[in-house]
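Letter by letter, the chains look like this.
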Amino acid sequence: MKKTGLFYGVSTKKTALIGKEIQEAFGEDKADIVSVEEAGKNEFERYDNLIVGASTWFDGELPSYWDELLPELDSLKLKGKKVAIFGLGDQEGYPENFVDGIGLLADFFESAGAQVVGLTSTEGYTFEGSRALRDGKFLGLALDQENQSDKTSARIADWVKQLKKEFA
Ligand SMILES: Cc1cc2nc3c(=O)[nH]c(=O)nc-3n(C[C@H](O)[C@H](O)[C@H](O)COP(=O)(O)O)c2cc1C
């Protein structure tokens, strides 16, 4: 059976709650949670499918725990693996950099050879610019706990359903 690793900063506030919710949507033992604060190359290479998550901070940057880890993963080889990305952001507070972190993670994992799956529509969001876009779609799941927390559960449920097909 293919193994899925769910990577995010477990010491964060909102991202950690969302990560748990995604794991529950998969069914408890279908995705292992791996703390990004502790992860190294081996953890990423151990899984067939990766789910990676981050909020966006500092006007369009990744939070520091991802920022510190990525340079350490420069020789990571993920050819043949799939990666799905979720990101938290605030489309009213940061409309020009909404969930930029999704795009930054997509660039990184693609350059390591992985295929990005789990792209979603921008319908229902209002913002001006985002590095998370490619051909008019988000390169992952965009969640906005500041302005649209009421939509989060349904967005996660739809996305996990999509991933179960795309990861197969
Ligand atoms: C200082 C600061 C900068 C932020 N910059 C951005 C940003 O550039 N783009 C965005 O979409 N959200 C931005 N946000 C919103 C956060 O991504 C959002 O609040 C997220 O839910 C935080 O999750 P976390 O607590 O797990 O890190 C920013 C928030 C703060 C406090």
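Everything in this summary refers to the structure shown in the same document. Computed from a predicted model, the values in this text were never measured in an experiment.

**Considering the packing of helix α1 (residues 14-26) against helix α5 (residues 152-166)**
- The geometry of α1 relative to α5 is characterised by a closest axis approach of 9 Å and an angle of 50° between their N-to-C directions. The angle between the axes of α1 and α5 places the two elements in the oblique class. Viewed along their axes, α1 and α5 form a crossing whose handedness is right-handed. Of the residues in α5, those touching α1 at Ile-18, Glu-21, Ile-22, Ala-25 and Phe-26 are Thr-152, Ser-153, Ile-156, Trp-159, Val-160, Leu-163 and Lys-164.
- Grouping the amino acids of the contact of α1 with α5 by side-chain chemistry returns eight nonpolar, two polar and two charged.

**Quick notes on the site of the ligand**
- By nearness alone, 18 residues border the ligand, and Thr-15, Ser-55, Thr-56, Trp-57 and Gly-60 come closest of all.
- At 2.8 Å from an oxygen atom of the ligand is found a side-chain nitrogen or oxygen belonging to Trp-57.
- Take Gly-60: an N or O atom from its main chain is 2.8 Å from an oxygen atom of the ligand.
- In the complex, 84% of the free accessible area of the ligand, which totals 650 Å², lies under the protein chains.
- Each residue belonging to the shell around the ligand can be placed in one class, and the counts come to six nonpolar, seven polar and five charged.

Analysis parameters
- Residues numbered from 1 in each chain as written.
- Predicted model: local features only at pLDDT ≥ 70, side-chain atom pairs only at ≥ 80, totals over all residues.
- Heavy atoms only, no water.
- Axes fitted to C-alpha atoms, helices over the stretch in contact; angles between N-to-C directions.
- Helix = DSSP H or I, 4+ residues; strand = E, 2+ residues; numbered from the N terminus.
- Parallel < 35°, antiparallel > 145°, perpendicular 65-115°, else oblique.
- Left-handed = near helix turned anticlockwise from the far one by under 90°.
- Contact = heavy atoms within 4.5 Å.
- Nonpolar A, V, L, I, M, F, W, Y, C, P; charged D, E, K, R; others polar.
- Near = heavy atom within 4 Å.
- Polar contact = N/O pair within 3.5 Å; in protein donor to acceptor, adjacent residues only side chain to side chain.
- Areas by Shrake-Rupley, 256 points an atom, 1.4 Å probe, with all protein chains shown as cover.

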